[in-house]
Amino acid sequence: MREIFNYFKTIFFALKSLWTGMKVTSAYFFKPWKIVTQQYPENRKKLKMYERTKGELVMPHNEKNEHQCTACGICQINCPNGTIEVKSVTIETPDGKKKKVLDKYIYNLGMCTFCGLCVKVCPSDAIVFSNKFEHAVFNKEKLVKTLNKEGSTLKKGAE
Ligand code: SF4
Ligand code: SF4
């Protein structure tokens, strides 16, 4: 007797959960504007990312190909997993002084955990996170990027 009871009880709960699911489905069918799930990649063209999305670390340059990185290395020291390597060179200024400038800012996207510490500690606001998030590559070497552009220099006044 008990087995028969359990049998019908199972059927009852199965129908109940089916009904609950169908209620949600039909609600979205008749009110599609209420759908919150994004259909990616079909919606790629009109996809808007939130400003706070951390896609990858970038170094903004202005129209004169200038960045704000003084090569101080603070971001490299603070990065918990060695994702950043700041390579600098020492140059001589017109007034005969020695000065350290950025040579290469190397960022390994494949190792980054997007903690945001590097951006937070940078005293010059030289790096930011872009919200570009599509990074699929066939070769992980391609995830190692040089963030300062070819021929770029330190922005005047950012020393
Ligand atoms: S976000 Fe974190 S892990 Fe990524 S480079 Fe910055 S400090 Fe390193
Ligand atoms: S990005 Fe900022 S913290 Fe990192 S080396 Fe350049 S100036 Fe220093």
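Structure: see above.
Residues numbered from 1 in each chain as written. Chains lettered and ligands numbered in written order. Predicted model: local features only at pLDDT ≥ 70, side-chain atom pairs only at ≥ 80, totals over all residues. Heavy atoms only, no water.

1. Considering the site of ligand 2
Taken together, 14 residues are adjacent to ligand 2, and Cys69, Cys72, Gly73, Cys75 and Cys122 come closest. Cavity membership is defined here by more than half of the atoms lying within 2 Å of grid points; on that basis ligand 2 lies in the largest cavity. Across the shell around ligand 2, the residue classes break down as 11 nonpolar, 3 polar and no charged. (Near = heavy atom within 4 Å. 1 Å grid on protein atoms, 1.4 Å probe; cavity = no way out; pocket = protein on both sides within 12 Å on 5 of 7 lines; lining within 4 Å. Sits in = over half its atoms within 2 Å of the grid points. Nonpolar A, V, L, I, M, F, W, Y, C, P; charged D, E, K, R; others polar.)

2. So, empty space enclosed by the protein
Counting across every chain of the model gives 2 cavities of 30 Å³ or more. Together, 14 residues line the largest cavity, and Cys69, Cys72, Cys75, Tyr105 and Cys122 are the ones closest to its centre. Looking at side-chain class alone, the lining of the largest cavity contains 11 nonpolar, 3 polar and no charged residues. Here the second largest cavity is characterised by a volume of approximately 70 Å³. Residue lining of the second largest cavity: 13 residues in total, with Cys79, Thr83, Cys112, Cys115 and Cys118 positioned closest to the centre. In terms of residue class, the lining of the second largest cavity is made up of 9 nonpolar, 4 polar and no charged. (Points joined across faces, edges and corners; volume = space filled by probe spheres on them.)

3. Digging into the pairing of strand β4 (residues 98–108)
Of the pairings in the sheet, the one linking strand β3 (residues 84–92) to β4 comprises 9 bridges and is antiparallel in character. Each residue of the ladder has a partner; that of Val89, found in β4, is Val101. Connecting β3 to the next strand, β4, in antiparallel fashion are 5 residues, including Gly96 with a positive phi near 85 degrees. Two strands pair when backbone bridges link them, and β4 and strand β6 (residues 144–146) are joined in this way by 3 bridges, in the antiparallel orientation. Paired with Ile106 across the bridge in β6 is Thr146. (Pairing = 2+ DSSP bridges. Helix = DSSP H or I, 4+ residues; strand = E, 2+ residues; numbered from the N terminus.)

4. Description of the site of ligand 1
Close contacts around ligand 1 come from 14 residues, with Cys79, Cys112, Cys115, Gly116 and Cys118 the closest. Residue classes in the shell around ligand 1 are distributed as 10 nonpolar, 4 polar and no charged.

5. A closer look at the packing of aromatic side chains
Enumeration according to the criterion identifies 5 aromatic pairs in this entry. Both rings, one in Tyr7 and one in Phe8, keep their centres 5.3 Å apart while their planes meet at 80 degrees; by these two values the pair is edge-to-face. A relative accessible area of 53% means that Tyr7 is categorised as exposed. Between Tyr40 and Phe133 the ring centres are 5.7 Å apart and the planes differ by 55 degrees, which places this aromatic pair in the tilted class. Here the residue Tyr40 occupies a position in the loop between α1 (2–30) and β1 (56–58), and Phe133 occupies one in the loop between β5 (128–130) and β6, the gap between them amounting to 93 residues. Tyr40 sits in the partly exposed class, given a relative accessible area of 36%. (Phe/Tyr/Trp six-rings, centres within 6.5 Å; stacked < 30°, edge-to-face > 60°. Buried < 20%, exposed > 50% of the residue type's maximum accessible area, 1.4 Å probe, protein only.)

6. Considerations on a nonpolar patch on the surface
On the surface, a nonpolar cluster with roughly 740 Å² of combined accessible area is contributed by Ile4, Tyr7, Phe8, Ile11, Leu15, Leu18 and Met22. Mapped onto the secondary structure, Leu18 falls in helix α1. (Patch = residues over 30% accessible without salt bridge, like charges linked within 9 Å, V, L, I, M, F, W, Y side chains within 5 Å. Areas by Shrake-Rupley, 256 points an atom, 1.4 Å probe, with all protein chains shown as cover. Salt bridge = Lys/Arg side-chain N within 4 Å of Asp/Glu carboxyl O.)

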